[in-house]
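Tertiary structure, described
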Amino acid sequence: MITQIEFYDKDTIKNILACFTIKPDRIVFIYDKQIISRKRFICLENCFKRRLPDIIFETKPVDINDVNEIYNVTIGIIKKYKNCVMDITGGSELMTVAGSKAGIETGIKIYYTDIINGRVENLADKNDFLPAATLQLEDYIIARGAHFSKSSHMEPKTERFEAILEMCKYIFKNIKKWRTTCSYIQQAMAGTVKDDIDLRATARFKTHNKNDIYPDTDMLKKFEELGFIKELYISSNHIVFTFSSSLEKTYLINYGIWLELFVYIHAVKTGVFTDVRLGTMVDWDVFDDKSVPGNEIDVIFTDKSLPVFISCKLTNVTTAAINELVLERKRLGGWFSKAIIVTFSDEKVLESGAYKRALEFGVEMLDKSDILSKDFNLRLINTVSGHDLISLKWKKF
């Protein structure tokens, strides 16, 4: 029976990656006794038991400022269970020092996890290593004490990908017409029940400013051509059509969703990323017995076990949007996660204040020039793979 000694860390990936890689029979976490709540350890145990159902999970509190206590507790675990290994990736500096001393003196194998390169290495011999296990978003969520609540948008079926991308291309080239067309559809469907998929309205509406609002008829015809609506009838006085489904209706009454769909589909089609999700809502506390979602994550996926958070803005980027994305990344993935803003603006090309602020906070940006390019897939891959986590370590955000 193998016992793995871990030092608890605020970064989730440091707590779980080596355990899922080594797959011991028992895990013992040494942690700061100032951590009063047991919730985080209940969550960790739940996370491990989802994939290692027979795991034995234990915890040992210590004063993290007392190197002798840390050493003695570690030695006690090794003497009690005999067949032990140790992972010194997480925890405080003194935990690393005391743990290494105890491990070296007793001759047990000491591992260090090279998270970015995906290796769990024998500290005494870098040629002795294990390829790191592949983590899923669910691992992070459960270990964090959160859960995915209902998505704000349903993910489209694969057979609709090309039609959606073609419609995205049309909308992006006619963005002003989409803004007025979407406003018209929203107003026409205001007050209808959720499952109502029939639009029957006058051809023009008056806004509260007495301005006319009307759809672009060519855009409506494009929607019909690509199967988003059917039975389209246009006259000088009326417009009538039926949404092809309730799902297609949500696309036509949501101005910004087309950029989210565009990024989501491209992320799926790359074949590089795993666990790609659209419009994810997260309930950050599973212990309060309330299903209250936190921030919505437009697109999220994993890249070599590291979570990637993407915020999509069919407008200019605001400071609030950057701050929200940074918070989402920090809450779920910690330092070992990536954040990208995709914006239908010229922020990056013009090196705007928002662009500089995003980079300062470790957030990459793709803008209109990238969206309208012919190789968005490749640009997305390069942005994710080129996200320099090492340099971010020395930035304050």
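Here the structure is a predicted model, which is why all the values come from computation and not from measurement.

Cut-offs and rules
- Residues numbered from 1 in each chain as written.
- Predicted model: local features only at pLDDT ≥ 70, side-chain atom pairs only at ≥ 80, totals over all residues.
- Heavy atoms only, no water.
- Helix = DSSP H or I, 4+ residues; strand = E, 2+ residues; numbered from the N terminus.
- Buried < 20%, exposed > 50% of the residue type's maximum accessible area, 1.4 Å probe, protein only.
- Contact = heavy atoms within 4.5 Å.
- Areas by Shrake-Rupley, 256 points an atom, 1.4 Å probe, with all protein chains shown as cover.
- Lys, Arg positive; Asp, Glu negative; His and termini not counted.
- Charge placed at Lys NZ, Arg CZ, Asp CG, Glu CD.
- Salt bridge = Lys/Arg side-chain N within 4 Å of Asp/Glu carboxyl O.
- Pairing = 2+ DSSP bridges.
- Axes fitted to C-alpha atoms, helices over the stretch in contact; angles between N-to-C directions.
- Parallel < 35°, antiparallel > 145°, perpendicular 65-115°, else oblique.
- Nonpolar A, V, L, I, M, F, W, Y, C, P; charged D, E, K, R; others polar.
- Core = buried A, V, L, I, M, F, W, Y, C linked by side-chain atoms within 4.5 Å.
- Phe/Tyr/Trp six-rings, centres within 6.5 Å; stacked < 30°, edge-to-face > 60°.
- Lys NZ or Arg CZ within 6 Å of the ring centre and 35° of its normal.

Helices and strands together make up the secondary structure of the protein, namely 16 helices and 18 strands. Burial analysis of the protein (397 residues in total) assigns 51% to the buried set. Taking contacts inside the protein between residues at least 6 apart in sequence as the whole, the part at least 24 apart equals 66%. For the protein, the accessible area works out to roughly 19000 Å², and carbon and sulfur atoms hold 50% of it. The averaged location of the 54 negative side-chain charges in the protein is 2 Å from the averaged location of its 55 positive side-chain charges.

Taken as a whole and assessed by the stated rule, the structure comprises 20 salt bridges. Residue K109 is joined to D128 by a salt bridge in which the shortest nitrogen-to-oxygen separation is 3.3 Å. You can see K109 sitting in strand β5 (residues 109–114) and its partner D128 sitting in strand β7 (residues 125–131), a full 19 residues away along the chain. For K109, a relative accessible area of 33% puts it in the partly exposed group.

For the rest of this paragraph, the subject is the sheet that holds strand β1 (residues 3–7). Spatial ordering of the open sheet is given by β3-β2-β1-β4-β5-β6-β7, a layout of 7 strands whose pairing is mixed. Each end of this open sheet is capped by a strand with a single partner; those strands are β3 (56–62) and β7. In this sheet, neighbouring strand axes are inclined to one another by 25 degrees on average, regardless of whether the strands run parallel or antiparallel. Bridge count for strand β2 (residues 26–32) against β3 is 7 bridges, and the pairing is parallel. Within the sheet, the bridge partner assigned to I27 lies in β3 and is F57. Relative to β3, helix α2 (residues 39–51) is tilted by about 150 degrees, and along the sheet it contacts β2 and β3.

What follows is about the packing of α2 against helix α5 (residues 137–144). Contact geometry of α2 with α5 gives a least axis separation of 7 Å together with a crossing angle of 150 degrees. As summarised for this structure, α2 and α5 are arranged roughly antiparallel, according to the angle between their axes. Facing α2, whose interface residues are R40, C43, L44, N46, C47, R50 and R51, α5 presents E138, D139, I142, A143 and R144. Across the contact of α2 with α5, the residue classes tally to 5 nonpolar, 1 polar and 6 charged.

With that out of the way, let us pick up the sheet that holds strand β8 (residues 147–149). Strand order in this open sheet of 6 strands is β8-β14-β15-β16-β17-β18, and the pairing throughout is mixed. Since the sheet does not close on itself, it has two edges, and those belong to β8 and β18 (363–366), each with one partner. In this sheet, neighbouring strand axes are inclined to one another by 40 degrees on average, regardless of whether the strands run parallel or antiparallel. Direction of pairing for strand β15 (residues 296–303) relative to strand β16 (residues 306–313): antiparallel, over a ladder of 5 bridges. Bridging from a neighbouring strand, V299 pairs with I310 of β16. Each of β8, β14 (274–283), β15 and β16 touches α5; the most contacted strand, β14, lies at about 25 degrees to it.

Take the pairing of strand β12 (residues 229–234) next. Alignment of β12 against strand β13 (residues 238–243), held across 4 bridges, turns out to be antiparallel. Pairing of I229 across the sheet is with F243, part of β13. From the end of β12 to the start of β13, which pair antiparallel, there are 3 residues.

By size, the foremost hydrophobic cluster in this structure holds 59 residues, and its most contacted members are W178, L199, F223, W258 and I310. Looking at which element gives the most residues to this core, the answer is helix α10 (residues 257–270), with 9 residues. Here L199 is in contact with Y184, I185, A188, M189, I239, V240, F241 and F243, once residues within four sequence places are set aside. Grouped together as the second largest cluster of nonpolar side chains are 47 residues, I13, C19, I341 and M365 included.

Below, the discussion takes up helix α1 (residues 12–22). An α-helical turn contains 3.6 residues, so any two residues separated by three or four positions project in the same direction. Of all 11 residues that make up α1, 11 are buried, and the element is covered over most of its length. Taken residue by residue, α1 has T12, I13, K14, N15, I16, L17, A18, C19, F20, T21 and I22 as its buried positions. One or two positions beyond α1, positive phi appears at K23, with a value near 55 degrees.

This part is about the packing of aromatic side chains. The tally for this structure, following the rule as stated, stands at 21 aromatic pairs. Here F48 and F57 contribute two aromatic rings whose centre-to-centre distance is 6.0 Å and whose plane-to-plane angle is 40 degrees, an arrangement assigned as tilted. For the pair F48 and F57, one class covers both residues: buried. With 4.3 Å between their ring centres and 25 degrees between their planes, F273 and F301 make a pair best called stacked. Here F273, found in the loop between α10 and β14, pairs with F301, found in strand β15; they are 28 residues apart in sequence, far enough to count as distant. Through pairs of rings, three or more aromatic residues link up here, namely Y8, F20, F29, Y31, F41, F48 and F57. Across the ring face of Y214, the terminal group of R204 is positioned such that the distance to the ring centre comes to 4.1 Å.

Quick look at unusual backbone geometry now. Here the phi dihedral of S305 falls at roughly 80 degrees; this positive angle occurs in a residue that is not glycine. Looking at where S305 falls in the secondary structure, it is placed in the loop between β15 and β16. The buried category is assigned to S305, whose relative accessible area is 7%. Phi at E351 is positive, roughly 50 degrees, even though this residue is not glycine.

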